Amino acid sequence: MKAAAVTSSYKRWAPVYDTVFGKLLNEGRSRAAARATARGGDVLEVGIGTGLALPLYGPGLRITGIDYSAEMLERAEEKRRAHGLDNVTLRQMDAGQLDFPDASFDTVSVMHVLSVVPDPERALSEIARVCRPGAQVLITNHFAAEKGVLRLAERMIQPLQHQLGWQADFPFERILGDNRLKLLERRPLPPLGVMTWAVLERV
Ligand SMILES: C[S@@+](CC[C@H](N)C(=O)[O-])C[C@H]1O[C@@H](n2cnc3c(N)ncnc32)[C@H](O)[C@@H]1O
């Protein structure tokens, strides 16, 4: 995805995003929020979008949410206010250029974002930099199927990536290239296993 395509695509998605992707993708969000809450401390949510996960985090965390799209962030700000979440800070920022010092966070959640950002390897490098040693990176995403009908469908819709706002044909291996981030967990998410839950640990 190119940066300009991300901006225009999520400007279009922002007003209807919660209706289309709210419940549909909530399994991964709930799992990430529960894990982050159990770990405590400082949480960074990269590509927070309209803030659908915000009400799912438990109390006692310091949460920072960043996103590139002003229109998506406006919706997140509405939720922050509506739920009285004084522990949440929202900032417009590029995942590939995080404006935080090294070793700032205990948990980073990256939900449905890595197949959207223009340069996922760079985003993961930045995430590794801002993680404290032992921090966990909680990822939910759709990754390319290895075979079958789903694989065929992904290949067919891949040319529409700039209209859709994400890459359908995004291999899992692309999240494994940074040697500061070690794979801890990988499993399909219910109900259909189309989304994957993965946890990387900062060594
Ligand atoms: C599919 S939405 C996911 C939103 C949210 N995480 C969720 O689970 O609903 C992808 C989000 O990534 C954001 N995004 C794309 N490229 C980005 C970048 N380079 N830096 C920060 N956010 C980015 C988009 O603006 C959009 O809000």
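What this report covers is the structure whose coordinates are included nearby. For clarity, every value in this text was computed on a predicted model and none was experimentally measured. (Residues numbered from 1 in each chain as written. Predicted model: local features only at pLDDT ≥ 70, side-chain atom pairs only at ≥ 80, totals over all residues. Heavy atoms only, no water.)

Digging into the site of the ligand
Okay, step 1: Surveying the vicinity of the ligand reveals 20 residues, the closest of which are Tyr 17, Gly 47, Asp 67, Ala 95 and Met 111.
Okay, step 2: Tyr 17 has a polar side-chain atom sitting 2.8 Å from an oxygen atom of the ligand.
Okay, step 3: A distance of 2.9 Å separates an oxygen atom of the ligand from a polar atom in the side chain of Arg 29.
Okay, step 4: For the shell around the ligand, the per-class residue count stands at 13 nonpolar, 4 polar and 3 charged. (Near = heavy atom within 4 Å. Polar contact = N/O pair within 3.5 Å; in protein donor to acceptor, adjacent residues only side chain to side chain. Nonpolar A, V, L, I, M, F, W, Y, C, P; charged D, E, K, R; others polar.)

Quick notes on the pattern of salt bridges
Okay, step 1: Here the structure, examined in full by the defined rule, presents 15 salt bridges.
Okay, step 2: We note a salt bridge from Asp 42 to Arg 132, for which the minimum N-O separation is 3.0 Å. One end of the pair, Asp 42, is in strand S1 (residues 42-46); the other, Arg 132, is in strand S5 (residues 131-141), with 90 residues separating them in the sequence.
Okay, step 3: For Asp 42, a relative accessible area of 14% puts it in the buried group.
Okay, step 4: Overlapping salt bridges, with partners in common, bring together Asp 42, Arg 62, Asp 106 and Arg 132 in one network. (Salt bridge = Lys/Arg side-chain N within 4 Å of Asp/Glu carboxyl O. Helix = DSSP H or I, 4+ residues; strand = E, 2+ residues; numbered from the N terminus. Buried < 20%, exposed > 50% of the residue type's maximum accessible area, 1.4 Å probe, protein only.)

Considerations on the pairing of strand S2 (residues 62-67)
Okay, step 1: S2 sits mainly inside the fold: 5 of its 6 residues count as buried.
Okay, step 2: Pairing analysis gives 5 bridges linking S1 to S2, with the strands arranged parallel. In the strand pairing of S2, Val 46 is matched with Ile 66.
Okay, step 3: Bridging between S2 and strand S3 (residues 88-92) involves 5 bridges; their strand directions are parallel. If you follow Ile 66 over to S3, its bridge partner there is Arg 91.
Okay, step 4: In the classification by handedness, the crossover that spans S2, the intervening helix H4 (residues 70-82) and the parallel S3 is right-handed. (Pairing = 2+ DSSP bridges. Right-handed = clockwise from strand over helix to strand, strands pointing away.)

Here we look at the layout of surface pockets
Okay, step 1: Here the second largest pocket defines a volume of roughly 210 Å³.
Okay, step 2: For the second largest pocket, the lining is made up of 15 residues, of which Phe 143, Ala 144, Ala 145, Arg 186 and Thr 196 are closest to its centre.
Okay, step 3: If you tally residues by element for the lining of the second largest pocket, the top one is strand S6 (residues 181-188), at 3 residues.
Okay, step 4: Residue composition of the lining of the second largest pocket, by class: 8 nonpolar, 3 polar and 4 charged. (1 Å grid on protein atoms, 1.4 Å probe; cavity = no way out; pocket = protein on both sides within 12 Å on 5 of 7 lines; lining within 4 Å. Points joined across faces, edges and corners; volume = space filled by probe spheres on them.)

Re helix H3 (residues 26-39)
Okay, step 1: The end-to-end C-alpha distance of H3, which contains 14 residues, comes to 20 Å, matching closely the 20 Å that a straight helix rising 1.5 Å per residue would cover.
Okay, step 2: Listed as buried for H3 are Gly 28, Arg 29, Ala 32, Ala 33 and Ala 36. All buried residues of H3 lie within an arc of 125° about the axis, which places them on one face of the element.
Okay, step 3: Along its buried surface, H3 packs onto helix H2 (17-21), S1, strand S4 (105-111), S5 and strand S7 (196-202).
Okay, step 4: Just downstream of H3, Gly 40 is the residue with a positive phi angle, here 75°. (Expected span 1.5 Å × (residues − 1). Arc of directions from axis to C-beta. Contact = heavy atoms within 4.5 Å.)

Digging into the packing of aromatic side chains
Okay, step 1: Tallying each qualifying case throughout the model produces 5 aromatic pairs.
Okay, step 2: Ring geometry for Trp 13 and Phe 21: centres 5.0 Å apart, planes at 65°, overall edge-to-face. Each of the two residues, Trp 13 as well as Phe 21, counts as buried.
Okay, step 3: Aromatic pair Phe 143 and Phe 170: ring centres 5.9 Å apart, planes at 25°, arrangement stacked. With Phe 143 in the loop between S5 and helix H6 (148-157) and Phe 170 in the loop between helix H7 (161-164) and S6, this residue pair connects regions lying 27 residues apart in the sequence. For the residue pair Phe 143 and Phe 170, the accessibility class agrees, reading buried in each case.
Okay, step 4: An aromatic cluster of at least three residues, connected via ring pairs, comprises Trp 13, Tyr 17 and Phe 21. (Phe/Tyr/Trp six-rings, centres within 6.5 Å; stacked < 30°, edge-to-face > 60°.)

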